[in-house]
Amino acid sequence: MLEKGFSQPTERIKRLRQVIIDAVPVVESDRARLITESYKETEGLTNILRRAKAVEKIFNELPVTIRDDELIVGSITVNPRSTGLCPEFSYEWVEAEFDTMATRMADPFVIPEKTKKELHEIFKYWKGKTTYDYATSLMSDEAKDCMANGIFTVGNYYFGGVGHVNVDYEKIIKYGFRGVIEQTVKAMNDLDDSDPISIQKMQFYKAVIISYNAAINFAHRYAKKAEELANQETNPQRKQELLRISSNCMRVPEYGARDFWEACQAFWFVQILVQIESNGHSISPGRFDQYMYPPYKNDKNITKDFAQELIDCIWVKLNDINKTRDEVSAQAFAGYAVFQNLCVGGVDGEGVDATNDISYMCMEAVAHVALPAPSFSVRVHQNSPYEFLLRACEVSRLGYGVPAFYNDEVIILNLVSRGVKLEDARDYSIIGCVEPQAGHRTEGWHDAAFFNIAKVLEIALNNGRCNGKQLGPKTGELEDMKNIDDIFDAYQKQMEYFVRYLAEADNCVDYAHAARGNLPFMSAMVDDCIKRGKSVQSGGAIYNFTGPQAFGVADSGDSLYAIYKNVFEDKKISLIDLKHALEENFGLSDSLVPGCGCNTQTVSAKVGEMNEAEIYDAVKKILASTGSINVDELESKLTGGDYLQANTCGCGSEQTGQFKTIQKILDNTESFGNDNELCDKFAIRAAKIYCDEVDKYVNPRGGAFQAGIYPVSANVLFGKDVGALPDGRAAHTPLADGVSPRQGKDSHGPTAAANSVAKLPHFQASNGTLYNQKFSPKAVEGEKGLKNFVAIIRSYFDQKGAHVQFNVVDRQTLIDAQEHPEDHKDLLVRVAGYSAHFVTLAKEVQDDIINRTEHIM
C-alpha cells in the first residue's frame, strides 16, 4: 500500500492544541515596560551595550509561564498566542489603534484598558528615538511619495525588527550557551589592541556575554518555576514530568544536550529568546531534521512514540508565538502569520540525500497538530526517496496547505550564482515564506519590501502619472505609442525610476537598524559575527543580501500581451479607446477612482447603510460568478434593491456599452498559465525587467540586492491601489498571487499552468518565487491520485520550477466556511508562503483563495 495514513495524536497533544484554537490574542505590556526601563537607565552607553542591557533585563524579569500538560516549556507571553511589543522600532501605530485593534478586519488583538494606559506612558519615552524615526530622517521625499502612492512599501522593517533569519541551533544543542561565551571570550583575548577596530569589537563581545549570561538565567528561572509547580502537584505522573522539566532547564541551553528531550528544550529556548530580543518575524528553524537527528539517534532510552510526542509539543509551541502589526500590514500578512519555516529533506554538504527518521516524524507532527505553524517545507532533488515524496504528498492532501515543495537543483545553483560556496548552498534552508539562504551564515533581509509591478505598468500607461500627480518620469501618452516595444520602453523607464527609490528606502531602514537596532544575542548564532566582531546588522554575517519581492507579474504580462494582441495585431481596439475604458474602469461602479461621474452607481434605499467595503464586496460577488460585470445583471440587482441602484442621469449608456465590449475582448484574450509560448513571453519579460533593475543595487552591509516574486497576501491589499488594467481586470480587485496565473485564467489544466510558471526567471529571482496551485480533493484521492500528485511536482521541477505549494480543498467547503465560520474553526488553507485558519482571514483574502482555479487531474 502506498497510502500509509497517519496515527492519532496523544490526548496531551489534543488538549494543548485546543488551547491554541480557543485562544484570544492579547497585547501584553511586559516587554515594552522592561525595555523602556532599561533604556532610561543606560543613556550613557553605546547602542549595542544598551541593547544588551535591555535584553538582560527582559530575560531576567519577563514573567515565567508553564502551562498545563507542557513537556517543552518557555513562553513569550502570559496569555496563549498573544504578543508583547517592541517600541524601540516604532509605536505610533499602536497608540493610533488602541480602540480599533480588537475589531479590525485582519488579525485583531485585544488590548485591555489597563494595558492601554501603561503603554501610553511607556511610549512617551520613545519619541524621536526609534529605528523608524531614524530611517524616516534619512529618506528622500521621492521615496516617501512612492510609498504613499502604493508603488512599494518597506513597512516590514520600517516598523519592526528584521527577523528573517536561521540561527545555528546545532551549535547550541551541542555546546550550549556556555560554548558561545567561551568562543566570545577567546575572540576578545585574541584582539589586537593596536587595531582601532578592536574598540568597536570589544563592545560587541561584551554585549554578547551580557546577553548569554541573561539567557542562561532565563532557562534557570523556568527550572525553578517547574520545581515549584512539582512541589504543589498531586498527580504523580505530572509531578515527575515537572521535575524532569526542571532538570532539563537547569542543563540546557547552558550546556550541550545529553538526550533528545534536552535537545528539544534547548531548541525551543533558542527559538523564543530570538523572538523576545526583537519582534522580527520569520525566525525560521531551518533544517530541523538535520540537527535534531543526531541527539535522537544517540538517545538509547527514548521510544519513538515519546520522541514523536515531543516533536508534536514543539509543533504546538510554534503556534503560541504571535505578533501584532499595523492595520495595513495586518491585511498584507493576514492570518496571524509569523512565518517560522521548518524544512526537511534535501541533500547534505556533499550532495547526498539527507532524509532521515526525523524528516518523516515531522510529517506525522503536521497531521497530529493540524495548526498553521510551522510553515513546513520539504526539499526535493533528483535522488529524493520516492517514499519521501509520496509521504509529503500524502501530508499535502490532508488539506492543511503544507508542505511547500522546493527544488534543490534550482535553488542551490541560484545561491551559488549569488556568491555562496557550494557546500553552504547545499545546506540551504527556507526562511519565512519561500526565501532560500545558506543556513545560519546569512543576513538575507528577505521581505525587504513589497513592490507592485502592476502599479508600475499602470503608471507607464499614464505617462508617469499616479492619481493625477506626476509621480514617475514622463514616458509618453498611451495614444501616441506606435508599437508594443514603445510600451515596454515606458514600462522599463518607470521601473528604473521606482526601483531606484525602493533601494534607497530599504537602505535607509538598513542604516537605521545598524545604528539603533543591533541584536547581539541573535548575532552570536550567525556565522561569522563572533569572528568579525560585529552584529548581523553591521555586516557580521558571511552572506549579506537585501530581498524585495514583487507581485502582479501575471497581471502585467497579460496586460501587455492584451495590448499587443488586440491593439497592434488584431486591431480590435484603438489605444485611445483603451485609454478611456481604463480611465472609466470599463464603465463599472468605482467609488474609489474619480471618473466623469456619469456612470457612477449610487446606493439604493434598501442598502443605503452599506459602507464602501460592502459595496465593493457586492460587485465582487458578481465578478466571481461571471468573470466580468454584466450591466444588465447589475441593473436587475439594483431594481430589486439587492446591491446597488443604477445611475438615473440618462447619459453615458452608449459609452458604457462600448467599455463593456472592450472589457469583454480583453478578458477573453489568452492568458499566462496555459503554456502559450507567445503569451508567456510577455510575463517573462515583465518579470525580468524588474529583476534586472533590482540586481543593480547594493546594501550598507556589503551585500547585493536580489529579487523575489511572492506576495504574502499583499496581492489583495495592494490590488486596491491599482486601477483597471488592459487584461480586463477591474480597478481595485486583487492581483495575481506570486508567480501564479491570474485567478481562474489557467484553464488548460495543472500541467499547462506549471509549464508556464516554470518559464519565469526563477534563477534570477533568487530571493524566492511562490507558486500556488489548488486541487479538488477528488483529484488526488487514492493511490492513483497520490502517484499523479508526485508526477505533477516532478514534472514542474524537471522544467526548473523552484517552488510549488497546494491547497487541497473544494470551493464549496470554502464558501460554506465563509458563511458558517463557527462550523469550520479548524479549516486550514495555504494563503501564500504560510497557512492560516480560513475563518480568521479577512473576507477579501478568503475570496481570493476561493477564486483560485481548482484543478482536476
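Presented here is an overview of the structure given in this document.

### A word on helix α11 (residues 236-251)
When the terminal C-alpha atoms of α11 are compared, their 23 Å separation across 16 residues agrees well with the 22 Å that a helix rising 1.5 Å per residue should span. Where α11 is concerned, the buried positions are Arg 238, Glu 241, Leu 242, Ile 245, Ser 246, Asn 248 and Cys 249. Each buried residue of α11 lies within a common arc of 160 degrees when the element is viewed along its axis, so the set occupies one face. With respect to the buried face of α11, the exposed residues turned more than 90 degrees away are Pro 236 and Gln 240. Its side-chain oxygen 2.9 Å from the backbone nitrogen of Gln 237, Asn 235 forms the N-cap of α11.

### Some details on helix α13 (residues 288-298)
An α-helix turns once every 3.6 residues. As a result, residues three or four positions apart point the same way. The set of residues buried in α13 consists of Phe 288, Asp 289, Tyr 291, Met 292, Pro 295 and Tyr 296. Turning to α13, the residues buried within the fold contact α9 (169-189), α12 (260-277), β2 (286-287), α14 (304-318), β3 (341-345) and α16 (357-369).

### Focus: the packing of helix α20 (residues 453-460) against helix α21 (residues 484-516)
Running from N to C, α20 and α21 point in directions that differ by 125 degrees, and their axes come no closer than 9 Å. Looking at the two axes, α20 sits oblique to α21. For α20 against α21, the interelement crossing comes out right-handed. On α21, the residues that touch Ile 453, Val 456, Leu 457, Ile 459 and Ala 460 of α20 are Ala 490, Tyr 491, Gln 494, Met 495 and Phe 498. Considering only residue class, the contact of α20 with α21 consists of nine nonpolar, one polar and no charged.

### Examining the packing of aromatic side chains
Taken as a whole and judged by the stated rule, the model has 48 aromatic pairs. Between the aromatic rings of Tyr 132 and Phe 159, the centroid separation amounts to 5.4 Å while the plane-to-plane angle is 25 degrees, which identifies the pairing as stacked. Here the residue Tyr 132 occupies a position in helix α6 (residues 131-138), and Phe 159 occupies one in the loop between α8 (155-158) and α9, the gap between them amounting to 27 residues. In this structure Tyr 132 comes out as partly exposed when scored by relative accessible area, which is 22%. Accessibility expressed as a relative area gives 27% for Phe 159, which makes it partly exposed. Between the aromatic rings of Phe 775 and Phe 789, the centroid separation amounts to 5.7 Å while the plane-to-plane angle is 70 degrees, which identifies the pairing as edge-to-face. With Phe 775 in strand β15 (residues 772-775) and Phe 789 in helix α32 (residues 782-798), this pair connects stretches of sequence that are 14 residues apart. Summarising the burial analysis for this pair, Phe 775 and Phe 789 share the class buried. An aromatic cluster is present here, built from Phe 59, Phe 177, Tyr 212, Phe 218, Tyr 222, Phe 269 and Phe 521 joined pairwise through their rings.

Rules of the game
Residues numbered from 1 in each chain as written. Predicted model: local features only at pLDDT ≥ 70, side-chain atom pairs only at ≥ 80, totals over all residues. Heavy atoms only, no water. Helix = DSSP H or I, 4+ residues; strand = E, 2+ residues; numbered from the N terminus. Expected span 1.5 Å × (residues − 1). Buried < 20%, exposed > 50% of the residue type's maximum accessible area, 1.4 Å probe, protein only. Arc of directions from axis to C-beta. Polar contact = N/O pair within 3.5 Å; in protein donor to acceptor, adjacent residues only side chain to side chain. Contact = heavy atoms within 4.5 Å. Axes fitted to C-alpha atoms, helices over the stretch in contact; angles between N-to-C directions. Parallel < 35°, antiparallel > 145°, perpendicular 65-115°, else oblique. Left-handed = near helix turned anticlockwise from the far one by under 90°. Nonpolar A, V, L, I, M, F, W, Y, C, P; charged D, E, K, R; others polar. Phe/Tyr/Trp six-rings, centres within 6.5 Å; stacked < 30°, edge-to-face > 60°.

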